[in-house]
Structures are given as C-alpha cells and as structure tokens.
Amino acid sequence: MNPIDELRAARPAHLGDRPVDERTRAAELSYAMSGPRQAGRRRKVVRPAWGLGLAGAAAAVTAVVVVMAGNGAAPTPRAPDGGGAVATATDAPDGSGSTANPDGTAAPRVTLSARDVLLAAAEKADRQDERTGDYWHTATVSRTLLTVAGGGYRMVMQNRNEMWTPSATGGEQWSRNQSLGARPATEEDRKAWEAAGSPAKVEVAVPGKPGSPAQGKRGALVADTAPGKVRTSHSPLVDGDKVFWLGRNVTMKELRGLPSDPDDLKKWLLRSYEGHDTESSSTPMVSEVWLFKVSAGLITDMPVTPQVRGAAFRMLAELDTVKVVENVTDAEGRQGTAVSVEERVKGGAVLEDRLIFDESTGRALASENVVVKPGGLQVGLEPGEVFHSTAMLEAGWTDEKP
C-alpha cells in the first residue's frame, strides 16, 4: 500500500467520506501517521474549509517556511492585554525616532495594544461589503516545506485549492485542486538539488512515520517539481444541508444567523467545546486555544455576515492569552498583522497559531503555525520558523460554479 492509499485507509471515521482538499491534507497526515487506527463509523463531519488542524500537522511533517517582518527584522509582538496605548519612538520621518506635533515639537509614535488592534480590526470588518449569491467561493494556496529523504536539502510543496459551497440546501459542493509543484526552499537547497541532478521527482520524509526513509519507502512521499493536473470534483452536502464545521456541523442558515454580539457568539461556539483538540478527541486543549482556532476559521473564509466577523475579532480581543504580532509577511509576500495564541502539542513542543489579517480592511490574509519551542516531532526546527501556511486568495459570493 502506498502512502496515499494508507492515508485514505487510516482516515479517522469521524471525518466522514467526503473528499479531502489539499489545504487540510497536512492535518489529515498528522492523524494518519501518528494516531491509532479507528474502526467503525461515526457521524459524518464536514471538514472546515480553513483546515483547523494545521497545528496538528506538526505531527506529520517537518515543514519550515521562515516568515520575517517586511523590513527583514523579527516581527514585533504586542502585549496580550492592557487597553492603554504604549508610546514608542520608531519610524519617524526625520529618522529621529519621533514624529512632529502641530507646534513642531517631537512626539513619540503611539503603538496600540493587542486589544486595541483587534477592536480596530472589528470596526473595519463591520464595514465590509455584504451580498449573497448561489455559491460561497474560496481560493487558497498552501505551502509545506519537507526534507528530501537522504538528500540533505528541502523542498517547498505548494498546492492550490478552490471550493464552491452552495447557499441553498440540497445542493452540491465543488472543489478544484492542483499541485503547483515542489521547489527548493532556499538558494542553498537549490544548489544541492542541482548537484543531485535536478530530479523531477523527489522523496520527501514524513517524520515520525513508522518505517522511515532509511528503513523503506513507507516513510516518504513523492513530490513532483512540475505542476500537476487541475482536478475538479463535486459531492452532495452532508445530510443535504451541512456546509462547514464550526465546533460541530453547521448549515448555511446557522452560519448566516450567528449572533453579532461577541459574548453571545462566544457562548454559541463554546456549546460545542468538549475539552479536546479540534482534530483529535484524545488530545486535550484548553478552551481559549480551542475558541481561537474555531474563531480564526470563522474570520478567514466562512460566509458569515460582516457584523459576525467583527464580533469574532471583539471576542478574540477579550481572550487573556491572545497576542498580536505586527509586520508579518505571509507566503504570498503580503504584509499584515497577526493575532495568535500558543498551544502545547505532543512531545513537549509549543506552537504559535497565527491568523494574519490586513489592519486596513479587517480581511484575513493567511493562517500559519510557528514553532515557539521545538520538541517531539518538531525537533530540528528553530523558534520562529513557520512549518505550514495557508494563504487566502479569494473569499466571497458568486453566482457561478466551476
């Protein structure tokens, strides 16, 4: 059985029989490669379009995509709490570290707290355009960096995914996927790849997989450097009306009717919290981390109203553990601000789950998982490295299907 067939066979029963898009494949790999097999069938679960299990992908791949600030410096974190502004002396037009008051005297530049940044984003989200259509359409590109088995260099695997989710019950959900091809991660990796003969196909290691590349091919996946074929598929909605996962399977009507008050929204979401990870019932997770991961998916690409998206930002602003990192450049080269929380995963590692957004519009740009403390299957990664990212290219209503 090849790795992909094995992955399908190991697919957790609670995920149902729906096809898996490329954005969530890394999360599926984590469960298949590291968790016990499950027998039997339980209720079908609609996979979240954002892929809530990206943090779990740490158990499946050694993926390293370094994200630095736009000026080449490490991103600057903002305090997780405290509503007051923090005065700083940076980025003055004259290079003095100050800006000018109306009377010509120098004044320090003001940097807002994490809470203030999120509340400002909520105001922008409230003013986003709102209309509906026949389908909710999203397009993303996911990137994962893997080590070539026995090659001593790394390749970035890239995949594009599109989804069309019907607004009416009884419809079909469409997806379109394409591998964009693997490429060397750095110039040094490119030289090593060329020294190896510039192979069109490479075997990339899957850490923690029984039967490592040194022991056999069961521990590796084949990556093609050329773009793959565009594959389009469609399938009926689960139960005829379930469209997304938001702590539980939800309908389009439920999504469109979510409360726009942040306290009510929090209560609504936490009704589905059962004390464990969004991907695995055997992995404990504190409620604030769970709430962040579910809410980030809601903000990123779910067809909720602008007022609900704003309520989600306001709800995150009240979490004690949330922090903001500014001057973050996503894998598409877009600069934004990241809101994040930390979580502990298997092996003692600590990860930072990030939602990157544009402060000027309140729109989500990308999701990332950043290593804070390596350990277990994250051994070998450096703090600050992003091992998986998903960039949002499009999210909105359309009347056209593929």
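Points about the overall build of the protein chain
Thinking step 1. The secondary structure content of the protein chain amounts to eight helices and 19 strands.
Thinking step 2. When burial is assessed residue by residue, the protein chain has 52% of its 402 residues classed as buried.
Thinking step 3. As displayed, the protein chain offers around 17,600 Å² of accessible surface, 50% of which is attributable to carbon and sulfur atoms.

Here we look at the nonpolar core
Thinking step 1. One finds Leu118, Leu246, Leu255 and Leu258 to be the most contacted residues of the largest nonpolar core, which totals 46 residues.
Thinking step 2. When residues of this core are assigned to their parent elements, the largest contribution, eight residues, is made by helix H7 (residues 287-301).
Thinking step 3. Apart from residues no more than four positions distant in its own chain, leucine 255 is found in contact with Val243, Phe244, Leu246, Val250, Met302, Pro303 and Val304.
Thinking step 4. Counting 10 residues, the second largest nonpolar core, distinct from the first, contains Leu146, Val148, Ala182 and Ala223.

Notes on the pattern of salt bridges
Thinking step 1. Under the definition given, this model contains 16 salt bridges.
Thinking step 2. Measuring nitrogen to oxygen at the nearest pair gives 3.0 Å for the salt bridge that ties lysine 323 to glutamate 352. Residue lysine 323 is found in strand E15 (residues 323-329), and its partner glutamate 352 is found in strand E17 (residues 350-358); the two are separated by 29 residues along the sequence.
Thinking step 3. Glutamate 352 sits in the buried class, given a relative accessible area of 4%.
Thinking step 4. For arginine 334, the salt bridge identified is with aspartate 330, shortest N-O distance 2.8 Å.

Description of the packing of helix H3 (residues 114-126) against helix H8 (residues 306-317)
Thinking step 1. Two elements in contact, H3 and H8, have axes whose closest approach is 7 Å; the angle formed by their N-to-C orientations is 175 degrees. Taken together, the axes of H3 and H8 are roughly antiparallel relative to one another. Listed contacts from H8 to Arg115, Leu118, Leu119, Ala121, Ala122, Glu123, Ala125 and Asp126 of H3 are Pro306, Gln307, Arg309, Gly310, Phe313, Arg314, Leu316 and Ala317.
Thinking step 2. Looking at the contact of H3 with H8, its residues break down into nine nonpolar, two polar and five charged.

Some remarks on unusual backbone geometry
Thinking step 1. One non-glycine residue with positive phi stands out, namely aspartate 239, at about 60 degrees.
Thinking step 2. Mapped onto the fold, aspartate 239 is located in the loop between strand E12 (231-236) and strand E13 (242-245).

Considering the pairing of strand E9 (residues 172-184)
Thinking step 1. Examined bridge by bridge, strand E8 (residues 154-166) and E9 share 10 bridges and lie antiparallel to one another. Residue pairing in the sheet places glutamate 162 in a bridge with arginine 176 of E9.
Thinking step 2. Direction of pairing for E9 relative to E12: antiparallel, over a ladder of six bridges. Across the sheet, residue glutamate 172 finds its bridge partner in E12, namely proline 236.

Some words on the packing of aromatic side chains
Thinking step 1. Across all of its chains, the model carries three aromatic pairs by this definition.
Thinking step 2. With a centroid separation of 5.3 Å and an interplanar angle of 70 degrees, the aromatic rings of tryptophan 136 and tryptophan 397 are classed as edge-to-face. Within this pair, whereas tryptophan 136 is found in strand E7 (residues 135-147), its partner tryptophan 397 is found in strand E19 (residues 385-398), the two being separated by 261 residues in sequence.

Points about the side chain of aspartate 330
Thinking step 1. Within the secondary structure layout, aspartate 330 lies in the loop between E15 and strand E16 (335-344).
Thinking step 2. Only 2.9 Å separates the side chain of aspartate 330 from the backbone nitrogen of glutamate 332, close enough to count as a polar contact.
Thinking step 3. Contact partners of aspartate 330, with chain neighbours within four places excluded, come to Ile356, Leu365, Ala366 and Glu368.

Things to note about helix H6 (residues 262-270)
Thinking step 1. Considered for burial, the residues of H6 that qualify are Leu265, Trp268 and Leu269. The buried side chains of H6 occupy one side of the element, clustering within an arc of 95 degrees when seen end-on. Opposite the buried face of H6, at more than 90 degrees from it, the exposed residues are Asp263 and Lys267.
Thinking step 2. Along its buried surface, H6 packs onto strand E14 (249-251), H7 and H8.
Thinking step 3. The opening residue of H6 is aspartate 261, an N-cap whose side-chain oxygen sits 3.1 Å from the backbone nitrogen of aspartate 263.

A word on the environment of valine 250
Thinking step 1. Considering the arrangement of structural elements, one finds valine 250 in strand E14.
Thinking step 2. Ignoring any residue separated from it by four or fewer positions in sequence, one finds valine 250 in contact with Asp241, Lys242, Val243, Phe244, Leu255 and Trp268.

Comments concerning the packing of H6 against H7
Thinking step 1. As a packed pair, H6 and H7 sit with axes 11 Å apart at the nearest point and diverge in direction by 105 degrees. When the interaxial angle is binned, H6 and H7 end up roughly perpendicular. Residues Leu265, Lys266, Leu269 and Leu270 of H6 touch H7, and the partners they reach there are Ser287, Trp290, Leu291, Val294, Ser295 and Leu298.

Some thoughts on the side chain of threonine 251
Thinking step 1. Along the chain, threonine 251 falls in strand E14.
Thinking step 2. Judged by its relative accessible area of 11%, threonine 251 is buried.
Thinking step 3. Apart from residues no more than four positions distant in its own chain, threonine 251 is found in contact with Asp241, Lys242 and Val243.

What counts, and where the lines are drawn
- Residues numbered from 1 in each chain as written.
- Predicted model: local features only at pLDDT ≥ 70, side-chain atom pairs only at ≥ 80, totals over all residues.
- Heavy atoms only, no water.
- Helix = DSSP H or I, 4+ residues; strand = E, 2+ residues; numbered from the N terminus.
- Buried < 20%, exposed > 50% of the residue type's maximum accessible area, 1.4 Å probe, protein only.
- Areas by Shrake-Rupley, 256 points an atom, 1.4 Å probe, with all protein chains shown as cover.
- Core = buried A, V, L, I, M, F, W, Y, C linked by side-chain atoms within 4.5 Å.
- Contact = heavy atoms within 4.5 Å.
- Salt bridge = Lys/Arg side-chain N within 4 Å of Asp/Glu carboxyl O.
- Axes fitted to C-alpha atoms, helices over the stretch in contact; angles between N-to-C directions.
- Parallel < 35°, antiparallel > 145°, perpendicular 65-115°, else oblique.
- Nonpolar A, V, L, I, M, F, W, Y, C, P; charged D, E, K, R; others polar.
- Pairing = 2+ DSSP bridges.
- Phe/Tyr/Trp six-rings, centres within 6.5 Å; stacked < 30°, edge-to-face > 60°.
- Polar contact = N/O pair within 3.5 Å; in protein donor to acceptor, adjacent residues only side chain to side chain.
- Arc of directions from axis to C-beta.

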